[in-house]
Amino acid sequence: MNGIFEWIIFLSLSTIAVVTAAGMILTMSMYRAGLALMASFVALAGLFILLNADLLAAIQIMMNVGGMLVMVLFMVMMMIDPGGEMMWGMKRDMHMPGLAAFSMHMPRGKPPEEESTQEQPGTHQVNDWTCPMHPEVQQDHPGNCPKCGMTLMQAEAQQSVQETSNQSKVYTCPMHPEVREHQPGSCPKCGMTLVEAETEEPHQADTLKTYTCPMHPEVQQDQPGNCPKCGMTLRSTDDTSQSHATGEHAGMSMEQGAHTMSGMSMEQSGDGHRSHDMSMPIQASGESGHDMNISQHDMNMFGMTPRQYYQMMVDMAMSTSQLPWAIALGIASALLLIVLVVQTPWPLAAGGPTQDATNAVGELLLSRYMIGFEGAAFLILAGIAGAVLLGKRERTQLQLQMPSPEPQASDAGEQTYTCPMHPEVRESRPGNCPKCGMTLIPAEETVGSQHKHGGHS
Amino acid sequence: MSGPGLIPYLIVGALLFGVGVAGVLSQRSGLMVLMSIEIMLNAAVLTLIAFWRFVGPANYDAQVFVIIIVTIAAVEMAAGLGLMLLVFRQRGNANVDSLKDLKQ
């Protein structure tokens, strides 16, 4: 009878430990993931008690569960959508039942093309963002240039000016307007990539655009960035209105040709269970028709193009698109371990623990393993010291990024050199900027040129 | 009927380890990766305690070893959380994908 009781407790605790751990990696909320892991730890502590290791169960509760509690608190404070309410609401609006309602994963396949904007003559891909200083930098979402750190602007603005102006192209340096070349290249003075002489105007026009969140239309700002509420990449209002206007057309093309929506369809198996992934590879025509309608409905509901919908899924995903492979590898490693432990003839002992565990472990710690604990204490101290040092470095960087009121080195008779893109960089000798690699120029020249241009950054 | 022996505990440990492997390989957030590592460490701890109980219950060295592992897990959690917090403040997210500064 005692054995059956032990088995019942063992099976219950084991199930809780494994299921909550698995739920941790499948849930769409980090807050719930932390709570699930705490539940798994507590169930493991119960198993420790079942194994007559009471002291370790107490330590498990105090250290691991306590640690996870702190982690969960941090998650609530710093994570976007920590409770997963936004994702949950989306899944509910999409009528996704079962396990799919608990998880949000990276969509698989290539991102869909912006077909509606490509087909119309005179318009360009609205999602191409490029750097005004480095036209070779192109990406499909707003952000900063990886080379010079400037805010990326939409290529459309630059290209529209290229089409409207039929003048002969003249390339100039943003920092040295006296440099005028008939071919693109680098500035002979500072090495910056030359831009067309008329690219100033679209820059100004770009600042007049407003950017809004696809999920929170009330969020409006005049520069690209992330939504302060959900963290999604903001879209320009032109984009949004264009997507509303072309949504019907896009929907029709999706119904006519399933290939245009590859990577957007939602897999549905024969028994009606939807898979965890939000998007799956293309299905057979019979199934995909239904799935396309769901996707189309979802996109119309959010007023998005397929590309924007895909981007939103990428922004919100908790795990990568390789989750099925990761799960397969996890199962394979678990099975391998199980086979190994079952096949190995373990030399089992007959009796149970004889001593009082707390006393025995305490004596061992003091007599034999003190050095190990001192090592652990050293690790803790090293971690704290590392965190303090990193925090100090961060504060120093913040101070450097604050604009200095006036250049002061010139009155001392010494020449200082600075980066046109990073005025906070001050060097006493010529060289390259440590941040973007541009050639440093004398400080006075930067101030003068920035006054001339009204400043880019 | 006696209670569960060594093998059932080892199987639970193996399952937990597999869950941890899947989590480490699939999650985008650095915090979730750390939490998955915690699962793997706990699987190792359960295995160690099971071996102590059924193979050498008279020798308490295994328990000391477990205490050290738990301590290191707590350290890893604290240091990792501090690092991720710093990363989040600097970049606006704690995704592992965004930590590729050395590549540039």
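All of these numbers come straight from a predicted model, not from anything done at the bench.

1. Considerations on the confidence of the model for chain B
Note that predicted coordinates carrying low pLDDT should not be read in detail. Residues and elements named next belong to chain B. Per-residue confidence for chain B gives a mean pLDDT of 85, with 96% of residues at or over 70. When mean pLDDT is taken per element in chain B, helix α1 (residues 6-26) scores highest with 93 and helix α3 (residues 61-91) scores lowest with 81. For this predicted complex, the interface score ipTM comes out at 0.92, alongside a pTM of 0.57.

2. Overview of the interface of chain B and chain A
Opposite the 67 residues of chain B that make contact, chain A presents 83 residues. Here chain B packs against chain A, burying approximately 6800 Å² in sum over the two surfaces, 78% of which is carbon and sulfur. Its largest share of buried area at the contact with chain A, chain B owes to R28(B), M35(B) and Y60(B), together 10% of the area lost on that side. Remark: the boundary between chain B and chain A carries 0 salt bridges.

3. Quick notes on unusual backbone geometry
Its identity is not glycine, yet N52(A) carries a phi of approximately 65°, on the positive side. Here N52(A) lies in the loop between α2 (30-50) and α3 (54-78).

4. Some points on the sheet that holds strand β4 (residues 171-172) of chain A
Two modes of strand pairing occur in sheets, parallel and antiparallel, and in both the strands are linked by backbone hydrogen bonds. Residues and elements named next belong to chain A. As summarised here, the arrangement of the 3 strands in space is β5-β4-β6, forming an open sheet in which the pairing is antiparallel. At either margin of the open sheet sits one strand with a lone partner, and together these are β5 (180-181) and β6 (195-196). Here β4 pairs with β5 via 2 bridges, running antiparallel. Residue pairing in the sheet places T172 in a bridge with R180 of β5.

5. Some remarks on the nonpolar core
If you look at the biggest cluster of nonpolar residues, it comprises 69 residues, and the most contacted ones within it are M24(A), L47(A), M71(A), Y9(B), M35(B) and I49(B). Breaking this core down by element, the ones donating at least two residues are α1 (2-26), α2, α3 and α12 (357-367) of chain A together with α1, α2 (30-54) and α3 of chain B. Setting aside residues no more than four positions away along its own chain, Y9(B) makes contact with F10(A), L47(A), L50(A), L51(A), P4(B), L46(B), A50(B) and F54(B). Residues C131(A), C148(A), L152(A) and C227(A) belong to the second largest nonpolar core, which totals 21 residues.

The rules behind the values
- Residues numbered from 1 in each chain as written.
- Chains lettered and ligands numbered in written order.
- Predicted model: local features only at pLDDT ≥ 70, side-chain atom pairs only at ≥ 80, totals over all residues.
- Heavy atoms only, no water.
- pLDDT = per-residue confidence, 0-100.
- Helix = DSSP H or I, 4+ residues; strand = E, 2+ residues; numbered from the N terminus.
- Contact = heavy atoms within 4.5 Å.
- Buried area = accessible area lost by both parts, 1.4 Å probe.
- Salt bridge = Lys/Arg side-chain N within 4 Å of Asp/Glu carboxyl O.
- Pairing = 2+ DSSP bridges.
- Core = buried A, V, L, I, M, F, W, Y, C linked by side-chain atoms within 4.5 Å.
- Buried < 20%, exposed > 50% of the residue type's maximum accessible area, 1.4 Å probe, protein only.

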